[in-house]
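# Examining the three-dimensional arrangement
Okay, here's what each chain looks like letter by letter:
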Amino acid sequence: MIIVGLTGSIGSGKSFVGNFLKSKKIPIYHADKEANKILENDNLVKRKIIKLFPNAYINKKINRTKLALIVFKDKKKLKKLESIIHPKVEQSKKKFLSFHKKKKTKLVILEIPILFETKGHKNCNYTILVYVNKKEQFKRVLARKNMSKEKLKVILSNQMSNKKKKKMADFTINNNSTKKKAREKTKKIMEKKLSTNL
């Protein structure tokens, strides 16, 4: 089974590429969605987070925006949060891979925003990086609900630069242009480089 790591900074359009591949019946593991599910449904995880970050617990809920602002400003706090959530995400990723190995699936995609930062690329056969320029990135991300320039800058300070990631990735998708062009580039990589017809 071929494991392809799909990554990109916030606002790069990696989820757009991921959803396009999903629409072509390629199994995709979304690390962010899994982390959010764990945050919502795992009571043990919730209790640990509330104990460590009581200020992020608002109206009987963990406020993800508040939590992000707390941890992204403090690397020690971020590490503590990751030590609670990452093992659970890793567990669900292993289940996903094991399920598809048994099914003899030819190729799967792991969509992981911090793939290179967490050295997750070492467990992939290939990696695809989706990137955009800073201006486009800020425009896209600041249009989101509950997002501010401050929060975005703090998030980016904890992510590797595109320059570094481009050197590490096997394939890259420049997503500054249209969605059509992003789909075409993705198709080209999958069909010509990874011998997977879409």
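Structure's up top.
Note that the coordinates shown come from a computational prediction; the quantities given were computed from them, not determined experimentally. (Residues numbered from 1 in each chain as written. Predicted model: local features only at pLDDT ≥ 70, side-chain atom pairs only at ≥ 80, totals over all residues. Heavy atoms only, no water.)

Here the idea is simple: oppositely charged side chains can pair when their charged atoms come close. Enumeration according to the criterion identifies 10 salt bridges in this entry. The shortest N-O distance in the salt bridge between lysine 37 and glutamate 34 comes to 3.2 Å. Taken as a pair, lysine 37 and glutamate 34 lie in helix α2 (residues 31-41) at a separation of 3 residues, close to a single helical turn. By relative accessible area, which is 18% here, glutamate 34 ends up buried. The shortest N-O distance in the salt bridge between lysine 187 and glutamate 191 comes to 3.3 Å. Note that lysine 187 and glutamate 191 are positioned in helix α9 (residues 179-193) at a spacing of 4 residues, about one turn of the helix. For lysine 187, a relative accessible area of 32% gives the class partly exposed. (Salt bridge = Lys/Arg side-chain N within 4 Å of Asp/Glu carboxyl O. Helix = DSSP H or I, 4+ residues; strand = E, 2+ residues; numbered from the N terminus. Buried < 20%, exposed > 50% of the residue type's maximum accessible area, 1.4 Å probe, protein only.)

A few words now on the packing of α2 against helix α5 (residues 75-102). One can describe the packing of α2 onto α5 by two numbers: an axis separation of 9 Å at closest approach and a directional angle of 120°. Taken together, the axis directions place α2 and α5 in an arrangement best described as oblique. The handedness of the crossing between α2 and α5 comes out as right-handed. Every residue of α5 that contacts α2 at Ala31, Glu34, Ala35, Ile38 and Leu39 is listed here: Ile85, Lys88, Val89 and Ser92. (Axes fitted to C-alpha atoms, helices over the stretch in contact; angles between N-to-C directions. Parallel < 35°, antiparallel > 145°, perpendicular 65-115°, else oblique. Left-handed = near helix turned anticlockwise from the far one by under 90°. Contact = heavy atoms within 4.5 Å.)

Another aspect to go through is the packing of aromatic side chains. Note on aromatic pairs: each is described by the distance of the centres and the angle between the planes. On inspection of all chains with the given rule, the structure shows 2 aromatic pairs. Ring geometry for tyrosine 29 and phenylalanine 96: centres 5.6 Å apart, planes at 50°, overall tilted. Of this pair, tyrosine 29 sits in strand β2 (residues 28-30) while phenylalanine 96 sits in helix α5; the two residues are 67 residues apart in sequence, bridging distant segments of the chain. Judged by its relative accessible area of 14%, phenylalanine 96 is buried. Just above the ring of tyrosine 131 sits the side chain of lysine 166; from NZ or CZ to the centre is 4.1 Å. (Phe/Tyr/Trp six-rings, centres within 6.5 Å; stacked < 30°, edge-to-face > 60°. Lys NZ or Arg CZ within 6 Å of the ring centre and 35° of its normal.)

On to the environment of threonine 172, then. Inspection of the secondary structure puts threonine 172 in strand β7 (residues 171-174). A C-alpha to C-alpha distance of 9.6 Å links threonine 172 and glycine 8, two positions 164 residues apart in sequence.

To continue, consider the pairing of strand β6 (residues 126-131). When you tally the buried positions in β6, you get 5 out of 6 residues, the bulk of the element. Relative to β6, strand β1 (residues 2-7) is paired through 4 bridges, and the arrangement is parallel. In the strand pairing of β6, leucine 6 is matched with isoleucine 128. Pairing of β6 with β7 involves 4 bridges; the strand directions are parallel. Each residue of the ladder has a partner; that of leucine 129, found in β7, is threonine 172. (Pairing = 2+ DSSP bridges.)

To continue, consider the sheet that holds β6. Read across the sheet, 5 strands follow the order β2-β5-β1-β6-β7 without closing on themselves; strand pairing throughout is parallel. Looking at the sheet topology across the chains shown, the edges are occupied by β2 and β7. Within this sheet the neighbouring strands show an average axis-to-axis angle of 20°, counted without direction. Taken together, the 3 bridges between β2 and strand β5 (residues 107-111) define a ladder with parallel strand orientation. In the strand pairing of β5, isoleucine 28 is matched with isoleucine 109. On top of the sheet, α2 reaches β2 and β5; it is set at about 50° to β2, its chief contact. Sheet contacts for α5: β1, β2 and β5; angle to β5, the most-contacted strand, approximately 170°.

What is shown is where atoms sit, not what they do.
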